[in-house]
Amino acid sequence: MADYVVRCRVCGRTYGRGYRFFRCLCGGVLEVLVDLEGVSWGVDEGALGIFRYSALLPSLSRYVSLGEGRTPTIKRVVDGVEVYFKLEYLNPTGSFKDRGSALAVSKASELGVTEVLEDSSGNTGISIAAYAAYAGIKARIYVPSDIPVGKYVLIKSFGAEVIKAGSRDEASRQVLRDLSEGNYYIGHTWNPYFIEGTKTIAFEVYEDLRSVDYVITPVASGTLLLGFWKGFNELLKLGLITSIPKLVGVQACGYDSLSRFVGRVVRSECREGTVLADAIRLTNAPRLPYIAEAIVRSGGYLVVVNDDLIVDALKDLFRMGFTVEPTSAAAYAAFKLVRKELSGKVLIPLTGSGLKYVGGTESPLYKVFVGG
Ligand SMILES: [Zn+2]
C-alpha cells in the first residue's frame, strides 16, 4: 500500500493519517494524495474487492470489504457506436458506492470510531450502513423524506438509524448540525477516502479494455466522476495509458448545478425538475468546482436530461436486460442525445440497481412498466 497525505484543495495545507475532521480547518475540501514514486502497477489476486489494487491505495491498518468491484463490462453496438456498459449495479449493495464505502469505512475502522454519520439520497446510505454493520460500527443515515421505500427498508435492514430530513439538500445541512465529539462524519460528498475507493473503477477499465474514448456518467456529489478522473490520472502517471477519456457529466432537470461551472452544456428541454432521477437530486455538492475542472480538463462537457428522456432510456436498458435504477438511465439518455458526435469506445457505468425500486405502486418502475 502507498504512503499518502491529506491535502486541502483550497489552501494547500496538509494533514497526516490521524486527521479525522471531514474538511480542512479553512473549510476547504480535502483530497488524498498517494505517493506513486517507486510504485508500479500490480494486482493482488488474493485480495478481496477493491483491495486487489492495494498497491495504488492509501495504506490502511484494516480492510473492510464485502467483495465490491470487479463488475462485468458488456459491449453493445448502438447506432454504430461501441458502448461498454459496466454493471456497477452488481456491487454488494447494488451500486458503485460500495467501492467508496469499502475504503471510507476501512479508514473509519482504523481511526477507531464507534458511530458514523452519513447523508444520502439512498444508495450511499445503504452502502455505508452495510459496510458499517460488517465492521461493527453504528451508522446514522440522513435521507430525503421522499426516499424510495425500497432504499429506506434496506438502510433499516442493515441496522442503521435513519433520519428523514426534508429535501436531499436539507439532509446535508442537518447532518452537519448533529456532529459531535462522539461521532464521525463519513459523508461521501466530503470524504477524501471515498474517492480513493471509487478510483478503482478506472483500474478495472484499464484491466478490461486498456482505454476508452468517453465516459458518460451521472453526477450528484461527483464521487464516481472524480474517481474516474483520479484513477485515469494515476494510470497516466504510471505510464500505462497515454490519454484520459473525455468525461461527460450527466445531470437532470432542476438539479444542473454544474451548468455554471462547465463551458459546454447540452440541454434537453426542462419544464420541471426530475422526479425519476432521485440519486442525483443534489445542488450543494462541496466538490462542484473540482468536478467541473475534471470535466473541462478531460475535454468533456455536461448533458442535462429530462424525465421523458430518462423514461425512454430506462425502457431501452430493460429491453437490453439491464436491471437498473432510473438514475442510471440518465446516463444512457445523455448518450442518446449526443451520440452523433461520439466515436470510438464509450463507457457507461450502470450505477445502481433497479431491484431497490420494485416495492409498491408508488415505485417509479411500477409507474413506467406496470402503469398507474
Ligand atoms: Zn484549507
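Residues numbered from 1 in each chain as written. Predicted model: local features only at pLDDT ≥ 70, side-chain atom pairs only at ≥ 80, totals over all residues. Heavy atoms only, no water.

Caption draft 1: Focus on the coordination of the zinc ion. The protein atoms that coordinate the zinc ion are Cys-8 (SG), Cys-11 (SG), Cys-24 (SG) and Cys-26 (SG), at distances spanning 2.2 to 2.3 Å. One way to put it: the 4 donor atoms around the zinc ion meet at angles of 105 to 117°, and that makes the site tetrahedral. Mapping the donors of the zinc ion onto the primary sequence yields the spacing C-x2-C-x12-C-x1-C. One end of the pair, Cys-8, is in strand S1 (residues 4-8); the other, Cys-24, is in the loop between strand S2 (14-15) and strand S3 (30-34), with 16 residues separating them in the sequence. For Cys-8, a relative accessible area of 2% translates into the label buried. When its relative accessible area of 2% is taken as the criterion, Cys-24 is described as buried. (Donors = N, O, S within 2.8 Å, 3.2 Å for Na, K, Ca; no water. Tetrahedral: all angles 85-135°; square planar, octahedral: opposite > 155°, others 65-115°. Helix = DSSP H or I, 4+ residues; strand = E, 2+ residues; numbered from the N terminus. Buried < 20%, exposed > 50% of the residue type's maximum accessible area, 1.4 Å probe, protein only.)

Caption draft 2: Here's a closer look at the side chain of Thr-217. Along the chain, Thr-217 turns up in strand S10 (residues 214-218). Classification of Thr-217 by relative accessible area gives buried; the value is 1%. Those residues within four positions of Thr-217 in sequence are excluded, and the remaining contacts are Leu-224, Leu-225, Val-248, Gly-249, Val-250, Ala-331 and Pro-349. (Contact = heavy atoms within 4.5 Å.)

Caption draft 3: View of the sheet that holds strand S7 (residues 138-143). Strands sit in the order S8-S7-S6-S9 across an open sheet of 4 strands; the sheet is parallel. The open sheet has two edge strands with one neighbour each: strand S8 (161-164) and strand S9 (184-185). Pairing between strand S6 (residues 115-119) and S9: 2 bridges, direction parallel. Opposite Leu-117, over in S9, you have Tyr-185 as the bridge partner. In the packing of helix H3 (residues 149-157) onto the sheet, the strands contacted are S7 and S8, and the crossing angle to S8 comes to about 145°. (Pairing = 2+ DSSP bridges. Axes fitted to C-alpha atoms, helices over the stretch in contact; angles between N-to-C directions.)

Caption draft 4: Just the layout of surface pockets, in detail. In this structure, the largest pocket encloses a volume near 450 Å³. Lining the largest pocket are 21 residues; nearest its centre among them are Arg-9, Glu-31, Leu-33, Trp-229 and Lys-230. Only S3, helix H5 (192-198), helix H7 (223-237) and helix H8 (288-298) provide two or more residues apiece to the lining of the largest pocket. Of the residues forming the lining of the largest pocket, the biggest block, 6 residues, is contributed by H7. A breakdown of the residues in the lining of the largest pocket according to their chemical character gives 10 nonpolar, 1 polar and 10 charged. Roughly 340 Å³ of internal volume is contained in the second largest pocket. Contributing to the lining of the second largest pocket are 18 residues, with Pro-148, Val-275, Glu-362, Ser-363 and Pro-364 lying nearest its centre. Among the elements that line the lining of the second largest pocket, the one with the most residues is helix H11 (residues 364-369), at 3 residues. Looking at which domains feed residues into the lining of the second largest pocket, each of domain 1 (73-95 + 194-369) and domain 2 (97-193) supplies at least three. (1 Å grid on protein atoms, 1.4 Å probe; cavity = no way out; pocket = protein on both sides within 12 Å on 5 of 7 lines; lining within 4 Å. Points joined across faces, edges and corners; volume = space filled by probe spheres on them. Nonpolar A, V, L, I, M, F, W, Y, C, P; charged D, E, K, R; others polar. Domains from an automatic or database assignment.)

By themselves, these observations are geometric and do not establish any function.
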